[in-house]
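Listed here are the chains, written in short residue letters.
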Amino acid sequence: MARYWLLKSEPFKYSWDDLVAEKEGTWDGVRNHRAKNNLAAMEVGDQAFFYHSREGLEIVGICEVSVAGITDPTDPEGKWAAVKVIPKTKLPHPVTLKQIKAEPKLAECELVKLSRLSVAEIQLEEWSIICGMAGI
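Residues numbered from 1 in each chain as written. Predicted model: local features only at pLDDT ≥ 70, side-chain atom pairs only at ≥ 80, totals over all residues. Heavy atoms only, no water.

A.B. asks: Honestly, the nonpolar core in this entry has me stumped. Any pointers?
C.D. replies: One recurring pattern in soluble globular proteins is that nonpolar side chains are buried together. Counting residues in hydrophobic clusters, the biggest one holds 40 residues, and the most contacted among them are Trp27 and Phe49. With near-sequence residues (within four places) excluded, phenylalanine 49 lies in contact with Trp5, Leu6, Leu7, Ile59, Gly61, Ile62, Ile122, Trp127, Ile130 and Cys131. (Core = buried A, V, L, I, M, F, W, Y, C linked by side-chain atoms within 4.5 Å. Buried < 20%, exposed > 50% of the residue type's maximum accessible area, 1.4 Å probe, protein only. Contact = heavy atoms within 4.5 Å.)

Here it is, written out as structure tokens:
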């Protein structure tokens, strides 16, 4: 069964538009153990929200895991995980962190509860609510 995720990136470092231009991007450079475990749990076909952090603070698109279970190419020791993702859908209406925090049904969402986590798991019900907020 597919799982759902949220991937955070600072848009000045790597934005949704960068992913679209590349057609496939490597999600690497993560140095948090829980985020690493989330990356390692991803499987091909899993969907992920693309979240712009620091600037925008909003979910702007949906991407899909295209290659799973790879070692982070930026890690010379080979301890950290990475995945490759492809862009699927730009959200018609980006969903802001403020909107997410205002929705009581999303109070337990890892984006809210573990706000500094760069790779978070999203539950199916949360995914559906956020997609509705985005107009898809």
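Next, the rest of the story.
A.B. asks: Any chance you could explain unusual backbone geometry here in plain terms?
C.D. replies: A negative phi holds for most residues other than glycine; trans holds for most peptide bonds. Positive phi, close to 75°, is recorded for lysine 23, a residue that is not glycine. As for its placement among the helices and strands, lysine 23 is situated in the loop between α1 (16-22) and β2 (25-27). In this model, leucine 57 sits at a positive phi of 50°, which is unusual for a non-glycine residue. By the element assignment, leucine 57 lies in the loop between β3 (47-52) and β4 (58-71). Assessed through its relative accessible area of 37%, leucine 57 is described here as partly exposed. (Helix = DSSP H or I, 4+ residues; strand = E, 2+ residues; numbered from the N terminus.)

A.B. asks: Sorry, what's going on with the layout of surface pockets here?
C.D. replies: If you add up the space inside the largest pocket, you get close to 300 Å³. Along its surface, the largest pocket is lined by Lys8, Ser9, Glu10, Lys13, Tyr14, Thr26, Trp27, Asp28, Val30, Ser53 and Ser118. Contributions of two or more residues to the lining of the largest pocket are made by β1 (4-9) and β2. Across the lining of the largest pocket, the residue classes break down as three nonpolar, four polar and four charged. (1 Å grid on protein atoms, 1.4 Å probe; cavity = no way out; pocket = protein on both sides within 12 Å on 5 of 7 lines; lining within 4 Å. Points joined across faces, edges and corners; volume = space filled by probe spheres on them. Nonpolar A, V, L, I, M, F, W, Y, C, P; charged D, E, K, R; others polar.)

A.B. asks: Explain the side chain of glutamine 47 here, please?
C.D. replies: Relative to the helices and strands, glutamine 47 is located in strand β3. For glutamine 47, the side chain forms a polar contact with the main-chain oxygen of glycine 45, separated by 3.2 Å. Non-local contacts of glutamine 47, meaning those with residues more than four positions away in its chain, are made with Arg3, Tyr4, Trp5, Ile62, Cys63, Glu64, Lys88 and Trp127. (Polar contact = N/O pair within 3.5 Å; in protein donor to acceptor, adjacent residues only side chain to side chain.)

A.B. asks: Honestly, the pairing of β3 in this entry has me stumped. Any pointers?
C.D. replies: Looking along a regular strand, one sees the side chains alternate between the two faces of the sheet. Across the six residues of β3, six count as buried, placing the element largely inside the fold. Side chains Gln47, Phe49 and Tyr51 of β3 all project onto a buried face; the interleaved residues Ala48, Phe50 and His52 project onto the opposite face, where all are buried too. Note: β1 against β3, six bridges, orientation parallel. Bridge assignment links leucine 7 to a residue of β3, and that residue is phenylalanine 50. The pairing of β3 with β4 spans six bridges and is classified as antiparallel. Bridge pairing in β4 places tyrosine 51 opposite isoleucine 59. Here β3 folds back onto β4 in antiparallel fashion, the turn holding five residues, of which arginine 54 has a positive phi close to 65°. (Pairing = 2+ DSSP bridges.)

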